[in-house]
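Residue strings, one per chain:
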Amino acid sequence: MSSMELSEASEGCIAVGSNSPLREISMGLEAASLVEEDGDGFAGLQELPVESTARRPECSRCSRPQKVCLCPFLPVHPLSVSTCLYIVQHPAEESRVLRTVPLLAACLPQDKCKVFIGRRFNEDRNPELAAVCRRPGTLILYPGSEADNLEEVASLPTPSPSSIIIIDGTWSQAKDIFYKNCIFRLPKQVQLKTNLSSQYVIRTQPTNTCLSTLECAAVALAIMEKNEAIQETILRPLQALCSFQIQHGAQIHHSKEHLLKNGLYDKPMPKNKRKLKKMELLVNNVKI
């Protein structure tokens with residue numbers, strides 16, 4: 001429902017006669033006030049009507065509320081891929097409303113997209129993930145000076161099937177997970193060399209070329225499977241999600257890089273010298 005519709009609905013509720021829920025509440029408050037004046041305190045509040053709240057039913061496939069289900073934009077059948085994705089998700093991402101990982105998982109077979117939630121991972125707590133990290137054909141997608149180009153790695157003969165680990169979280173959360181878990185030093189580190197701009201425009205990214213988890217997975221799978229159609233298929237529900245949100249009042253979020261370069265950054269500049277230096281690098285097109 002749009003903001004205008006909500007406003008009209010609210011006005012309509014106020015205009016209703018004696019059966020209006022607002023009128024019942026108002027009468028209850030008046031009664032409670034009278035009781036309080038008689039010395040009974042807040043006893044009358046116990047008899048006020050309480051409206052129970054219920055979570056909107058969700059689609060079992062895309063994890064979206066059923067009224068805004070994105071299944072029409074998902075592939076009819078899960079994509080046939082040989083590469084297995086292991087998503088290491090920061091706990092804060094699990095509670096976000098507009099997540100991309102459920103859409104990614106809905107595009108793939110269950111055994112090809114597995115999600116591990118947490119901040120710290122080790123051999124004892126996560127034996128399955130640790131075993132994946134030790135596997136020769138496993139790659140971890142994380143940019144950096146030590147990371148190889150994924151396209152070059154994919155062109156080399158590798159053990160089949162391959163596995164890719166992707167960290168899901170903000171850039172600071174992903175950095176914390178990557179550097180504070182030694183098991184993620186075991187796989188070969190790779191990065192994407194692409195000029196693709198993020199289509200996840202309802203969430204602010206550090207730079208124009210920073211991609212969401214779903215977008216990284218779409219590009220990586222297309223490279224590993226040597227099939228560009230995979231990228232288009234996985235991006236389709238994300239495009240639909242952003243389009244729907246914008247049509248219902250969401251604002252387009254430009255990257256922090258774009259805002260700084262165009263003098264549109266309206267937040268106070270950080271006092272921390274390290275953070276301030278990062279912003280200067282963004283403005284000067286230096287990769288951080």
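Report follows, based on the coordinates. (Residues numbered from 1 in each chain as written. Predicted model: local features only at pLDDT ≥ 70, side-chain atom pairs only at ≥ 80, totals over all residues. Heavy atoms only, no water.)

### Digging into the sheet that holds strand β5 (residues 163-168)
Stated formally: Here, a strand pair is defined by DSSP locating no fewer than two bridges between the strands. Secondary structure elements follow DSSP: runs of H or I no shorter than four residues count as helices, runs of E no shorter than two count as strands, and numbering proceeds from the N terminus. Contact definition: two residues touch when any of their heavy atoms are within 4.5 Å. Axis definition: a line fit to C-alpha positions, over the contact stretch in the case of helices; interaxial angles, taken between N-to-C directions, run 0 to 180 degrees.
If you trace the six strands from one edge of the open sheet to the other, you get β2-β1-β5-β3-β6-β4, paired in parallel fashion. In this open sheet, the two strands that pair with only one neighbour each are β2 (113-117) and β4 (148-149). Bridge count between strand β3 (residues 138-141) and strand β6 (residues 188-191): three bridges; the pairing is parallel. Within β6, the residue paired with Ile-140 across the bridge is Gln-189. The strands touched by helix α7 (residues 171-179) are β1 (84-89), β3, β5 and β6; relative to β5, the strand with the most contacts, the crossing angle is about 130°.

### Quick word on the state of the cysteines
Cysteine pairs can be linked by a disulfide, which is a covalent bond between their two sulfur atoms. Rules: Whenever a pair of cysteine sulfur atoms sits within 2.5 Å, that pair is classed as a disulfide.
Under the counting rule described, the total for this entry stands at zero disulfides. Note on Cys-69: no disulfide assigned, nearest cysteine sulfur contributed by Cys-71 at a separation of 3.4 Å.

### Here's the deal with the nonpolar core
Note on soluble globular proteins: their nonpolar side chains tend to be buried together. Test applied: Throughout this description, the term nonpolar core refers to a set of buried Ala, Val, Leu, Ile, Met, Phe, Trp, Tyr and Cys residues connected via side-chain atoms within 4.5 Å. Type-normalised accessible area, obtained with a 1.4 Å probe on protein chains alone, sets the label of each residue: buried when under 20%, exposed when over 50%, and partly exposed for intermediate values.
Within the largest apolar cluster, 44 residues are counted, with the highest numbers of intra-cluster contacts made by Leu-85, Leu-104, Leu-108 and Ile-234. Looking at this core, the elements with two or more residues in it are β1, α4 (101-107), β3, α6 (150-154), β5, α8 (213-225) and α9 (228-247). Broken down by element, this core gets its largest block of residues, nine residues, from α8. Residue contacts for Leu-108: discarding those within four places in its chain leaves Pro-78, Leu-79, Val-81, Leu-85, Cys-113 and Leu-221. Judged by nonpolar contacts, the second largest core, of 17 residues, contains Val-88, Phe-121, Cys-133 and Ile-167.

### Quick look at the pairing of β1
Extensive coverage of β1 is indicated by the burial of six of its six residues. The alternating pattern of β1 places Cys-84, Tyr-86 and Val-88 on one face and Leu-85, Ile-87 and Gln-89 on the opposite face, and all of these are buried. With five bridges connecting them, β1 and β2 associate as parallel partners. Pairing of Gln-89 across the sheet is with Ile-117, part of β2.

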